[in-house]
Amino acid sequence: MINITVNGDTQRHAEPLMLSELLHSMALADKKIAVERNGEIVPKSVHGSLLVGDGDRLEIVVAVGGG
């Protein structure tokens, strides 16, 4: 079991998972987002290869359009 923090809330998962899997499970896979992991920006090009593990802290911001 691993614990990660997403936008201040703790989540438990059975095992480490790819960032893209986490985003998909949160219904954010097709949204315009910015992700920060442990204080560093994560480029979208590595979402499919970045393993999120125990103790990681993620901040996810969703872009909202308006006028």
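For the structure itself, look to the data block above.
Let me begin by describing the structure that accompanies this report.

What counts, and at which threshold
Residues numbered from 1 in each chain as written. Predicted model: local features only at pLDDT ≥ 70, side-chain atom pairs only at ≥ 80, totals over all residues. Heavy atoms only, no water. Pairing = 2+ DSSP bridges. Helix = DSSP H or I, 4+ residues; strand = E, 2+ residues; numbered from the N terminus. Axes fitted to C-alpha atoms, helices over the stretch in contact; angles between N-to-C directions. Contact = heavy atoms within 4.5 Å. Core = buried A, V, L, I, M, F, W, Y, C linked by side-chain atoms within 4.5 Å. Buried < 20%, exposed > 50% of the residue type's maximum accessible area, 1.4 Å probe, protein only.

Topic: the sheet that holds strand β1 (residues 2–6)
In spatial order, the strands read β2-β1-β7-β4-β5; together these 5 strands make up an open sheet with mixed pairing. Strands at the two margins of the open sheet, each flanked by one partner only, are β2 (9–13) and β5 (40–42). Ignoring strand direction, the axes of neighbouring strands in this sheet form an average angle of 30°. With 5 bridges joining them, strand β4 (residues 33–37) and strand β7 (residues 57–62) adopt antiparallel strand pairing. Bridge assignment links A34 to a residue of β7, and that residue is V61.

Observations concerning the environment of G53
Following the sequence through the fold, G53 ends up in the loop between β6 (51–52) and β7. Taking C-alpha positions, G53 is 7.0 Å from L17, a pair spaced 36 residues apart along the chain. The contacts of G53, once residues within four sequence positions are left out, are I2, N3, I4 and P16.

Comments concerning the nonpolar core
The biggest cluster of nonpolar side chains holds 14 residues, and the ones touching the most others in it are I4, L19, L22, V35 and L58. Among the elements of the structure, β1, α1 (19–25) and β7 are those that each provide at least two residues to this core. Residues in contact with V35, not counting those within four places in the same chain, are L19, L23, E40, I41, V42, H47, L58, E59 and I60.

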